[in-house]
Amino acid sequence: MLLGVSAAHAENIFLLKDDSMHQVSMMQTFMHGAYDGVITVSHLKANGDTGLGTFEGVNGEMIVLDGVVYQAAADGSINIMKDNETIPFATVTNFDEDANISNISAKDFNDLTAKLDKEIKKYGVNNMYVVKIHGDFPDITVRSVEKQEKPYKEFTEVAAVDQKVFNYTNQTGTVIAIYFPEYMNELNMHGWHLHFLNDAKDKGGHVLNLTMKNGSAQIDEIHEFKMILPTTDTFKNMNFTENMTSKIHSVE
Ligand SMILES: [Zn+2]
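Here the residue index of a chain counts from 1 through its sequence in written order. Only residues with pLDDT of at least 70 get local features here, since the model is predicted, and only at 80 or more are side-chain atom pairs given and counted; chain-wide, interface and lining totals rely on the full set of residues. Each side-chain value is derived from all of the structure's non-hydrogen atoms; neither hydrogens nor water enter the calculation.

Draft legend 1. Structural view of the overall build of the protein chain. Where helices and strands are cited, they refer to DSSP runs of H or I of at least four residues and of E of at least two residues respectively, numbered from the N terminus. For the protein chain, the helix and strand inventory stands at 7 helices and 14 strands. Its C-alpha atoms give the protein chain a radius of gyration of 17 Å, near enough to 18 Å, the size a compact globule of 252 residues would have. Exposure classes here rest on a 1.4 Å probe applied to the protein chains alone. A residue is buried below 20% of its type maximum, exposed above 50%, and partly exposed in between. Relative to its full complement of 252 residues, the protein chain shows a buried share of 54%. For the protein chain, the proportion of contacts with a sequence separation of at least 24, taken over those separated by at least 6, is 78%. We get accessible surface area from the Shrake-Rupley algorithm with a probe of 1.4 Å; when it comes to residues, only the shown protein chains can shield them. When the accessible surface of the protein chain is split by element, carbon and sulfur atoms take 49% of a total near 10900 Å². For this measure, only C-alpha atoms enter the radius of gyration; the expected value for a globule follows 2.2 Å times N^0.38, where N is the number of residues. The contact criterion used throughout is that any non-hydrogen atoms of two residues lie within 4.5 Å.

What follows is the structure, given as structure tokens:
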């Protein structure tokens, strides 16, 4: 429960259907190995219907689509997570479309993010964005991560040792792309973070590379940010003087 906030009061705060980015913890904390759950899946769903993240102990990759919280597990399976599972890091919003792009294609990850960058320049690179891109993916490479046991390793080590990579062909599905502006780096991550879930709901994960055709993108432009901090001793005692930018970019 939140510090000094009654359950009923917290429900009222978080059930508002606003147009905010809701973030659980922060990227810098997560990179340092703070993988204890901060809120539950049911609490997250009350904060947003679209987004991405992970589960307690880095138990796979999270994709939130149409109000359902999916886990892309390290064994390659996709599971709908139970309401009482907990979440150490996530970013969600109540998605509403402000703009769209039709007939978008991409020859690789950088081509797609360059196209998204070009598009958001029209609306402002200092806003936050959540973009839902539905399309055909002739090739898509995703990763998931093995659930960690305590004492938790820093995330760079986890990604080096316990990352599972999957190469899929001829998938149709949705990429959830989240953009944070430069000044929010380390609070989250500057630039684009992509997770994928196919329409069959049996393949997905954190996107490492892709080719895409017949894409259509819906863009949600976001101007508000709400963050829930962990209340653990790990967080209370964490040292934030290290610059984590290069580590964040090495794993994302
Ligand atoms: Zn990810």
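Right, picking up where we left off after that structure.
Draft legend 2. Region of the structure containing the coordination of the zinc ion. Counted as donors are N, O and S atoms no farther than 2.8 Å from the metal, or 3.2 Å for Na, K and Ca; water is not among the atoms, and sites may therefore look incomplete. Looking at the zinc ion, the protein donor atoms are H193 (NE2), H195 (NE2) and H206 (ND1), and they sit 2.0 to 2.1 Å from it. Of note, the donors binding the zinc ion are all from one chain and are spaced H-x1-H-x10-H. With H195 in strand β12 (residues 191-198) and H206 in strand β13 (residues 204-222), this pair connects stretches of sequence that are 11 residues apart. We note that H195, like H206, is buried.

Draft legend 3. The arrangement of the packing of aromatic side chains in detail. Pairing of aromatic side chains requires ring centres within 6.5 Å, counting the rings of Phe and Tyr and the six-membered ring of Trp. Pairs whose planes differ by under 30 degrees are stacked, by over 60 edge-to-face, and all others tilted. Using the criterion set out here, one finds 10 aromatic pairs in the structure. Summarising the aromatic geometry, the rings of Y35 and Y152 are spaced 4.9 Å apart at their centres and angled 55° between planes, so their arrangement reads as tilted. One end of the pair, Y35, is in the loop between α2 (27-31) and β2 (39-40); the other, Y152, is in the loop between β10 (128-145) and α5 (155-162), with 117 residues separating them in the sequence. Owing to a relative accessible area of 0%, Y35 belongs among the buried residues under this scheme. Between the aromatic rings of F137 and F196, the centroid separation amounts to 5.1 Å while the plane-to-plane angle is 70°, which identifies the pairing as edge-to-face. Of this pair, F137 sits in strand β10 while F196 sits in strand β12, placing them 59 residues apart in sequence. This pair shows no difference in class: F137 is buried, exactly as F196 is. In textbook terms, an aromatic cluster arises when at least three aromatic residues are bridged by ring pairs, as seen for F30, Y35, F89, Y152 and F155. By definition here, charges over rings are those cases where NZ of Lys or CZ of Arg is within 6 Å of the ring centre and within 35 degrees of the ring normal. The positively charged end of K203 is found above the aromatic ring belonging to Y168, 5.7 Å away from the centroid.

Draft legend 4. Structural detail: the nonpolar core. Note on terminology: a nonpolar core comprises buried Ala, Val, Leu, Ile, Met, Phe, Trp, Tyr and Cys residues joined through side-chain atoms within 4.5 Å. The biggest cluster of nonpolar side chains holds 27 residues, and the ones touching the most others in it are L112, V131, I133, W192, L194 and L210. Listing elements by their share of this core, those giving two or more residues are β9 (99-106), α4 (109-121), β10, β11 (163-180), β12 and β13. Beyond its immediate chain neighbours, meaning those up to four positions away, V131 contacts L116, V175, I176, A177, W192, A217, Q218 and I219. If you look at the next biggest cluster of nonpolar residues, it comprises 16 residues, including L52, I178, F180 and M184.

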